[in-house]
Amino acid sequence: MVARDNGDLLQGTLGLLILKALAREERHGYGIARWIEDTTAAVLKIEEGSLYPALRRLEDRGFIESRWGLSENNRRARFYAIKRAGSKHLQVHGSSWTRFARAVLLVLEAEPAAIGGVGR
């Protein structure tokens, strides 16, 4: 599905969710997945097999950076933080995705009606 001049808005959605999770503070992978799950009332659950490759892609693109540290359980964990380029990407593409999502909701919530006298 392609929206006019916005490319494929569904591709990269996980990346945007991760960037949003990192927008205010650094987090380790489990913390990112947990924040997304908690924020969406468990509607979205990010599996490790999706999360870590997405984190790697974001890091390769220069949107996030990582460092090793200790988690709240005193375990060694990799912490991720958003970079300026990631914040800019989130701002631009988050706005586009929001417009797209609102447009889809308008269609899904609309009452179907015949147009121009054409019936079913």
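Along every chain, residues carry numbers that run from 1 in the direction the sequence is written. Reporting in this predicted model follows two pLDDT cut-offs: at least 70 for local features of residues, and 80 or more for side-chain atom pairs to be given and counted; totals over whole chains, interfaces and linings ignore these cut-offs and use all residues. With hydrogens and water excluded, all non-hydrogen atoms of the structure serve as input to the side-chain values.

Re the pairing of strand β3 (residues 76-82)
- Exposure categories follow from relative accessible area, calculated using a 1.4 Å probe and restricted to protein chains: below 20% of the type maximum is buried, above 50% is exposed, and the middle band is partly exposed. Only DSSP runs of H or I with at least four residues qualify as helices, and only runs of E with at least two residues qualify as strands; both kinds are numbered from the N terminus onward. Counting buried residues along β3, five of its seven residues qualify, which places the element largely inside the surrounding structure.
- DSSP-based pairing: two strands are paired if at least 2 bridges between them are found. Summarising the sheet, strand β1 (residues 27-28) and β3 pair through two bridges and their orientation is antiparallel. If you follow R27 over to β3, its bridge partner there is Y80.
- Pairing analysis gives seven bridges linking strand β2 (residues 64-70) to β3, with the strands arranged antiparallel. Residue pairing in the sheet places E65 in a bridge with A81 of β3.

Here we look at helix α4 (residues 84-109)
- Expected span of a helix, by definition, is 1.5 Å for each gap between consecutive residues, and there is one gap fewer than residues. For α4, which comprises 26 residues, the first-to-last C-alpha distance of 37 Å matches the rise-based estimate of 38 Å (1.5 Å per residue) to within 8%.
- Within α4, burial applies to G86, H89, L90, G94, S96, F100 and A101.
- Note on definitions: a residue-residue contact is assigned when non-hydrogen atoms from the two residues lie within 4.5 Å. For α4, the secondary structure elements touched by its buried residues are α1 (13-21) and β3.

Here we look at the packing of aromatic side chains
- Stacked, tilted and edge-to-face pairs are distinguished by plane angle, under 30 degrees for stacked and over 60 for edge-to-face with tilted covering the rest, among Phe, Tyr and Trp rings (Trp via its six-membered ring) whose centres lie within 6.5 Å. Under the criterion given, the structure shown has one aromatic pair.
- Consider the rings of W97 and F100, whose centres lie 6.2 Å apart with planes at 70°: the pair is edge-to-face. One end of the pair is W97 and the other is F100, both in helix α4 and three residues apart, which spans about a single turn.
- A relative accessible area of 26% means that W97 is categorised as partly exposed.
- One Lys or Arg, R67, reaches over the ring of F79 and ends 4.9 Å from the middle of that ring. Consider the ring centre and the ring normal. A charge sits over the ring if Lys NZ or Arg CZ is within 6 Å of that centre and within 35 degrees of that normal.

Things to note about the layout of surface pockets
- Two kinds of site are reported from a 1 Å grid over the protein atoms alone, namely cavities, where a 1.4 Å probe fits but cannot get out, and pockets, open sets with protein on both sides within 12 Å along at least five of seven lines, and residues are called lining when an atom falls within 4 Å of a point. Grid points are joined across faces, edges and corners, and a volume is the space filled by probe spheres set on the points. Approximately 300 Å³ is the volume found for the second largest pocket.
- Every residue lining the second largest pocket is listed: T13, L16, L17, K20, W35, I36, T39, T40, L90, G94, W97 and T98.
- Elements represented by at least two residues in the lining of the second largest pocket include exactly α1, α2 (29-39) and α4.

Brief notes about the packing of α1 against α2
- Inter-axis angles, ranging from 0 to 180 degrees, are taken between N-to-C directions of lines fitted to C-alpha atoms, where helices are fitted over the stretch in contact. Running from amino to carboxyl end, α1 crosses α2 at an angle of 100°, the nearest separation of the two axes being 9 Å. Looking at the two axes, α1 sits roughly perpendicular to α2. Contact residues: L17, I18, K20 and A21 in α1; I32, W35 and I36 in α2.
- Counted by class, the contact of α1 with α2 contains six nonpolar, no polar and one charged residues. Here roughly perpendicular refers to angles of 65 to 115 degrees, roughly parallel to angles under 35, roughly antiparallel to angles over 145, and oblique to all remaining angles. Under the scheme applied, nonpolar residues are Ala, Val, Leu, Ile, Met, Phe, Trp, Tyr, Cys and Pro; charged residues are Asp, Glu, Lys and Arg; polar residues are all the others, including Gly.

So, the packing of α1 against helix α3 (residues 48-60)
- Packing of α1 against α3 brings their axes to within 10 Å, and their N-to-C directions diverge by 80°. Taken together, the axes of α1 and α3 lie roughly perpendicular to each other. Side by side, α1 and α3 meet where L14, G15, I18 and L19 of the first sit next to S50, L51, A54, L55 and L58 of the second.

Topic: α1
- G15, L16, I18, L19 and A21 are the residues of α1 that are buried.
- On the buried face of α1, the contacting elements are β1, α2, α3, β2, β3 and α4.

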